[in-house]
Amino acid sequence: MPPSGPSSPSPSPSPSRSSAAAVVSALRAAGCVFAEDEAELILATARTEDEVSSMVDRRVAGLPLEQVLGWARFHGLRVVLEPGVFVPRRRTEFLVDQALAQAPDARVVVDLCCGSGALGAALAGALDGAEVHAADIDPAAVRCARRNLAAFTGRAHQGDLYDALPAALRGRVGILTANVPYVPTGELPLLPAEARDHEPRAALDGGPDGLDLLRRVAVGAPQWLAPGGCLLSETSERQAPAAVRAFTDAGLTTRLAVSEELSAHVVIGVRPQDPPGGGEGPAQASRTSR
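All of these numbers come straight from a predicted model, not from anything done at the bench.

Novice: I tried to follow the overall build of the protein chain on my own but got confused; where do I start?
Specialist: A count of helical and extended segments in the protein chain gives ten helices and ten strands. Relative to its 290 residues, the protein chain shows a buried fraction of 52%. If you take every contact in the protein chain between residues at least 6 apart in sequence, the share linking residues at least 24 apart comes to 66%. Total accessible area computed for the protein chain in this model is approximately 13,100 Å², and 53% of it derives from carbon and sulfur atoms.

Novice: Which parts of the structure should I look at to understand the pattern of salt bridges?
Specialist: Note on pairing: side chains with opposite charge can pair once their charged atoms come close. In the structure shown here, the tally under the stated rule is eleven salt bridges. Salt-bridge contacts for Arg59 lead to Glu38; the nearest nitrogen and oxygen are separated by 2.8 Å. On the criterion of sequence distance, the pair formed by Arg59 in helix α3 (residues 49–60) and Glu38 in helix α2 (residues 35–45) is long-range, its members being 21 residues apart. Taking the relative accessible area as the measure of exposure, Glu38 reaches 8% and is therefore buried. Ionic pairing is found between Arg216 and Asp160, a salt bridge with its closest N-O pair at 2.7 Å. Here Arg216 is found in helix α9 (residues 212–224), whereas its partner Asp160 is found in the loop between β5 (155–158) and β6 (173–178), with 56 residues between them in sequence.

Novice: Can you help me understand the packing of helix α5 (residues 93–102) against helix α6 (residues 118–126) in this one?
Specialist: Relative placement of two packed helices is described by the angle separating their axes and the distance separating the axes. It is at 10 Å that the axes of α5 and α6 come closest, and there the two elements cross at 40°. By the angle between their directions, the pair α5 and α6 is classed as oblique. Here α5 and α6 pass one another in a crossing that is right-handed. Counted together, Leu95, Val96, Ala99 and Leu100 of α5 and Leu119, Ala122, Leu123 and Ala126 of α6 form the full contact between these two elements. Among the residues making up the contact of α5 with α6, the classes are represented as eight nonpolar, no polar and no charged.

Novice: Teacher, can you tell me more about helix α7 (residues 139–149) here?
Specialist: Every α-helix carries 3.6 residues per turn, so stepping three or four residues along brings you back to the same face. Looking only at α7, the buried set comprises Ala140, Ala141, Val142, Cys144, Ala145, Asn148 and Leu149. For α7, the secondary structure elements touched by its buried residues are β2 (77–80), α6, β4 (131–136) and β5. Capping the start of α7, Asp138 holds a side-chain oxygen 3.3 Å from the backbone nitrogen of Ala140, two or three residues further along.

Calculation rules
Residues numbered from 1 in each chain as written. Predicted model: local features only at pLDDT ≥ 70, side-chain atom pairs only at ≥ 80, totals over all residues. Heavy atoms only, no water. Helix = DSSP H or I, 4+ residues; strand = E, 2+ residues; numbered from the N terminus. Buried < 20%, exposed > 50% of the residue type's maximum accessible area, 1.4 Å probe, protein only. Contact = heavy atoms within 4.5 Å. Areas by Shrake-Rupley, 256 points an atom, 1.4 Å probe, with all protein chains shown as cover. Salt bridge = Lys/Arg side-chain N within 4 Å of Asp/Glu carboxyl O. Axes fitted to C-alpha atoms, helices over the stretch in contact; angles between N-to-C directions. Parallel < 35°, antiparallel > 145°, perpendicular 65-115°, else oblique. Left-handed = near helix turned anticlockwise from the far one by under 90°. Nonpolar A, V, L, I, M, F, W, Y, C, P; charged D, E, K, R; others polar. Polar contact = N/O pair within 3.5 Å; in protein donor to acceptor, adjacent residues only side chain to side chain.

Right, here's the structure in full:
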């Protein structure tokens with residue numbers, strides 16, 4: 001699989017590089033810290049001078065750069081993004097790495113709350129021939145995920161968590177990722193404007209303590225995971241102890257993986273090889289620096 005990913009656009013002539021100074025100036029005036037880097041990406045992506053102008057206007061108005069470009073780089077892939085779809089974060093690449101380390105031979109992958117389908121696409125690219133499914137409640141996200149999974153013959157389904165999945169997957173899933181929204185409702189106004197104003201609230205709002213959806217995912221996971229299959233979900237440092245408890249209470253053997261470099265906290269729960277009998281040991285924690 002080439003590094004550009006399944007959804008790289010066809011090569012097209014770039015606008016005149018004489019636009020660069022004006023683009024950098026406009027972005028810098030709007031407060032873009034990495035104006036030169038952003039200008040380079042806009043000029044490389046736009047096909048005409050009119051597209052350059054339109055993209056700069058949208059970025060100056062506060063749209064996330066990835067939505068302006070129409071793509072995001074994630075785990076070596078170029079992931080297509082549609083307006084209003086959650087932008088995959090670099091720290092979430094740590095979740096993908098943890099999934100591959102935990103279940104390197106997984107043959108069935110499910111990406112719940114998939115957004116653009118970035119996690120499912122990254123796992124599909126690394127697990128040659130795996131059966132990959134993604135699901136989201138948002139129609140725009142599902143359309144986007146279908147585009148990103150097409151090269152891997154993956155499927156995207158619309159619906160609420162497990163309700164969206166084909167029943168035939170029950171008890172067969174080797175890797176279940178659920179990058180659920182985990183921002184507490186009361187903290188949404190504190191988010192950066194790019195996320196707060198331009199990403200779907202449903203992809204951010206995790207309820208009063210930020211863990212509403214995580215708990216629902218954890219409770220249902222043992223019915224869908226294969227024996228030895230794993231569930232992975234991202235959370236914050238403050239929420240991690242409660243997230244670990246939720247996984248453990250659901251009967252999963254649970255640990256916490258942490259990347260100090262990326263400020264990433266991933267809860268990993270494994271369905272025991274034998275049905276849980278109520279005697280799970282204490283959750284373990286591991287710290288990983290990258």
